[in-house]
Amino acid sequence: MGSFMKDFSEVKAKNSSEEALQRWRKACWLVKNHKRRFRFTANLSKRFEVREIQKSNQEKLRVAVLVSQAALSFIQGISYTVPEVVKKAGFEICADELGSIVEGHNLRKLKVHSGVEGIADKLSTSLTNGISISDESFDHRREVYGINKFTESPAKGFWLFVWEALQDTTLMILAFCALVSLVVGIATEGWPRGAHDGLGIVASILLVVFVTATSDYKQSLQFKDLDKEKKKITVQVTRNGYRQKISIFDLLSGDIVHLSVGDQVPADGLFISGYSLLINESSLTGESEPINVTSTNPFLLSGTKVQDGSCKMLVTTVGMRTQWGKLMATLSEGGDDETPLQVKLNGVATIIGKIGLFFAVITFAVLVQGLFSRKMNQGSHWSWSGDEALEMLEYFAIAVTIVVVAVPEGLPLAVTLSLAFAMKKMMNDRALVRHLAACETMGSATTICSDKTGTLTTNHMTVVKACICGKKKKVSISMTGSTFCSDIPDSVVKMLQKSIFNNTGGDVVIGKDEKVEILGTPTETALLEFGLFLGGDFLAERRVSKIVKVEPFNSTKKRMGVVLELPGEGFQAHSKGASEIILAACDRFLNSNGEVVPLDESTVTHMKDTIDEFASEALRTLCLAYRDIGSDFSAENPIPFEGYTLIGIVGIKDPVRPGVKESVAICKSAGIMVRMVTGDNINTAKAIARECGILTDDGIAIEGPEFRIKNEEELQELIPKLQVMARSSPMDKHTLVKHLRTTFEEVVAVTGDGTNDAPALHEADIGLAMGISGTEVAKESADVIILDDNFSTIVTVARWGRSVYVNIQKFVQFQLTVNVVALIVNFSSACLTGHAPLTAVQLLWVNMIMDTLGALALATEPPNDDLMRRYPVGRKGNFISNVMWRNILGQSIYQFVVIWYLQTSGKSVFHLEGENSDTILNTLIFNSFVFCQVFNEISSREMEEVNVFKGILNNYVFVGVLSCTVLFQIIIVEFLGTFANTYPLTLQQWSASILFGFLGMPIAAAVKMIPVGPMASSSISRSIYLSPVTNSKP
């Protein structure tokens, strides 16, 4: 078994090799319906096409750049004629010409059209105010330049799913048997009597097909809805003179788009203005080396990512006219990677299918041998009647139906059904699952490494304290700016305003209704609000000086810097960021008189104490500083970072989110270790972590620089007790995640929002990106997007993940029980009595109960609170656990004993006599067998708990499926006997059938009392929460 399952165990939750994906497909040779079994797996040929397109794009761009550079000197003689359709719409350039300029990196053509300004004029747009949208101009622009959507393959209709369900090989064989049965039956017995058996099989096949198709169709609709959610990206544009957020699908040629670090370029376009812009084109070309985009190389391609810097961009080409549009049309057909559980269950299905095929062949051989023996004894082996031919055909149909029942095609498909159900429900709970595997992996998570800002806190920041000119001051809503500034020199206030308004990644804009709106990250917004509170005018301040160079904030440097060119005064650098880092770069400060004085030791101590005081109150601290750098600065040079003058320190309040402490407590009770990994000051981090319940008296809090220098032996001792890491860099987070996954074999979930978090999100078992504060780069690297940036939602994802895992286990336990009993009953009966008690039609009905209907009932159970009181499965947990084997064997033995008892003693117990006695007995066996499955389905709701009725009425799907099964069973037995080979039962016989099924429940409860090996659980989580931690550091 282990060696066979090897090919099915190599697929990982993330980043599986294509060789591993190919291997399990080849190993999975016994498949009834290829179209259905492999519907939700990756299309490897389409992925190969994508790589070829990327290579082609890379070569095209390389050639285009070389040709463009060589042709710059040959501008004369180039002319362009505007098509009449474009002229009538009010534009002076067509979409094809724009595409050839940007996609071809054609500087020569761009110069002919008078550069970016000329292109803007021809697109009837303003580089300052953007396009003016009216209904008519909107339609004209769309008609001429197209919409920003790529072509998708049309959604499959219901009848296509019906057709795919009919592709099942075993159903095709049974359909052929039904046809032969109809022909032979009608020829020998006439119509309608001779058609009953054949029509019964046809009706059963159609029922299976339509129920299967309906289930699959509903799944496809759920995935379609989720795909739409995944593609929702908003961008900031200037239209009608003001900034606004719109969907990328609403972008038009001529729009002015604002891009910053981590954004995805939403369409092809031209660089208007910006700072230090680095573009990663790997998604389009496969080339990882970033491209520096400037006014001399102004081409921006759709689908690429902003790695550093910011810019304004003029949209030129949209949708399928871009290379990204063509690439996405192919990529969308590549599909999502199959999950490890899907692959493992495919392996289980293949093994059981082989066993079933063996039993089917043996059963057919035994039945045929019995018929031959009977005819030999009668001496009629040379003459065959139509009835005997039909009997032979029935044997073959039974053998084929055994294969239908034995190959549990529903196992891997139940994973998809459960995942689709969970993903839809998680969407309602504000979590968007990007990769199927994340659902099942999250159920095994043993560690969550969480950011602080916006995840554990509200991300609604305000400046509540400040230290300016050495004086600590509170900022309150009731206070006016003039009151706050009453004892601060005007020169200091002006310098503070200049630093806030120029050294920022945010913006202050005027909205539609003339209201002032602040754009940017919560930290930038808080500082800009503080600047306005001080009486500053953002636009006036920006007009006074010219920004020459910008070094945007990133989590490695933990600071942001700009250089201003002041009229007649030379250049001035401004820096802000982590307090201790900026303070270390200062050697002077502004005193209470507004004078620049040296920063002596006592003042440094006072500033450090102020930082610690602010941080201990859970405030985020930032320092602002400036430096005059003379008149010989060049934009190519880095901004100097020493010799600064300290302007002030601000303390920003970011309250802890309601419910976080309770969510952390839930994680602890579930055996999930929560760690805070933040770029903030260690005192701020510790204060917030204590408030959230993350940092305990026994836990360790450490700073990134100290963590970085630890050797392997020290990390081995430190990491199990590490609860808070402050002032961490993205690589610190990556190192921590890697050690947890490899050294400690933890299943790690990591949150991230910035571009630099992408490596850690990629490395983690489950990457969780923030939907509000997260960049597009972070979201693309993540497996789940937390739409409300709330830690409580992460706990909800973990609960759903566990629910998915447990639900699939329940279904597998239920289906394997039916498999084992159906196989043994038909095989043993064929061998010992010469006939099978369950006919083809009856077995098809049983197959539907355990396959599609069973999956619907058990794989869609909603999560309950008990799930978060168990320890996680972890990395080493077996999917088919000892508990499941115990339940399967216990229930299988009971059901087999019941069926065998009925077969051997049923006639005497129920006093069955006459010509219909065999049919009545077989109906009784069939009815008892089905009711055993009905009550076993209820027992399977809990694998270890005795109380299986808890919350049963809350699951409408389960109640509905169970009710339909019972109702249809009554119809089959009482009214469809002609087609299903059944005979109406008496009240006593019905009561006995139901009793036999019901007795399976106390048997199941008794079996659950038998102790088995303990469930797997995580090492670190168990040690942290179950035993005291020693050698701790406060």
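Residues numbered from 1 in each chain as written. Predicted model: local features only at pLDDT ≥ 70, side-chain atom pairs only at ≥ 80, totals over all residues. Heavy atoms only, no water.

(A) Representation of the overall build of the protein. Check the secondary structure of the protein and you find 38 helices and 26 strands. Counting all 1034 residues of the protein, 56% fall into the buried class. Long-range pairs, those at least 24 residues apart, make up 74% of the contacts in the protein between residues at least 6 apart in sequence. Approximately 42500 Å² of the protein is accessible, and the part contributed by carbon and sulfur atoms is 57%. (Helix = DSSP H or I, 4+ residues; strand = E, 2+ residues; numbered from the N terminus. Buried < 20%, exposed > 50% of the residue type's maximum accessible area, 1.4 Å probe, protein only. Contact = heavy atoms within 4.5 Å. Areas by Shrake-Rupley, 256 points an atom, 1.4 Å probe, with all protein chains shown as cover.)

(B) Quick peek at the pairing of strand β14 (residues 546–554). Relative to strand β15 (residues 559–566), β14 runs antiparallel, the two sharing 6 bridges. Pairing of Ile547 across the sheet is with Leu564, part of β15. Hairpin connection from β14 to β15: 4 residues lie between these consecutive antiparallel strands, with Lys558 at a positive phi of about 60 degrees. (Pairing = 2+ DSSP bridges.)

(C) Layout of the packing of helix α33 (residues 882–909) against helix α37 (residues 987–1008). In contact at an axis separation of 9 Å, α33 and α37 are set at 150 degrees when each is read in the N-to-C sense. The two elements α33 and α37 meet at a crossing, and its hand is right-handed. Contact residues: α33 offers Arg886, Asn887, Gly890, Gln891, Tyr894, Val898, Tyr901 and Leu902, while α37 offers Phe996, Leu999, Gly1000, Ile1003, Ala1004, Val1007 and Lys1008. In terms of residue class, the contact of α33 with α37 is built from 9 nonpolar, 4 polar and 2 charged. (Axes fitted to C-alpha atoms, helices over the stretch in contact; angles between N-to-C directions. Left-handed = near helix turned anticlockwise from the far one by under 90°. Nonpolar A, V, L, I, M, F, W, Y, C, P; charged D, E, K, R; others polar.)

(D) Just helix α24 (residues 660–669), in detail. All of the buried residues in α24 are Val660, Ser663, Val664 and Cys667. Summarising the axial view, the buried residues of α24 lie within an arc of 100 degrees, below the 170-degree limit, and thus occupy one face. Contacts from the buried residues of α24 go to β9 (447–450), β21 (673–677), α25 (682–692) and α31 (791–833). Just past α24, the residue Gly671 takes up positive phi, approximately 75 degrees. (Arc of directions from axis to C-beta.)

(E) Quick peek at the packing of aromatic side chains. In total, this model carries 18 aromatic pairs according to the counting rule given. A centroid spacing of 5.4 Å and a plane angle of 70 degrees characterise the contact between Phe158 and Trp159, whose relative ring orientation is edge-to-face. Exposure remark for Trp159: the relative accessible area of 60% places this residue in the exposed category. The interplanar angle of 15 degrees and the centroid separation of 6.1 Å between the aromatic rings of Phe896 and Trp900 together place this pair among those described as stacked. You can see Phe896 and its partner Trp900 sitting in helix α33, 4 residues apart, about one turn around the helix. (Phe/Tyr/Trp six-rings, centres within 6.5 Å; stacked < 30°, edge-to-face > 60°.)

(F) Geometry of the pairing of strand β2 (residues 242–247). Sheet topology places strand β1 (residues 234–239) next to β2; 6 bridges connect them, and they run antiparallel. Bridging across to β2, Val237 finds its partner in Gln244. Where β1 folds back onto β2 in an antiparallel hairpin, the turn is made up of 2 residues, including Asn240, whose phi is positive at roughly 55 degrees.

(G) The arrangement of the nonpolar core in detail. Of all hydrophobic cores here, the largest spans 140 residues; its most connected members are Met442, Ile766, Val784, Phe791 and Val812. With 19 residues, the top contributor of residues to this core is α31. Residue contributions to this core reach at least three from each of two domains, namely domain 2 (340–418 + 801–1009) and domain 3 (431–457 + 657–789). Not counting chain neighbours up to four residues away, the residues in contact with Val784 comprise Ala431, Leu432, Val433, Arg434, Ala438, Ile766, Gly767, Leu768, Ala769 and Val797. The next biggest cluster of nonpolar side chains, apart from the first, holds 29 residues, and it includes Cys485, Phe501, Val508 and Val650. (Core = buried A, V, L, I, M, F, W, Y, C linked by side-chain atoms within 4.5 Å. Domains from an automatic or database assignment.)

All quantities given are derived from atomic positions and should not be read as evidence of function.
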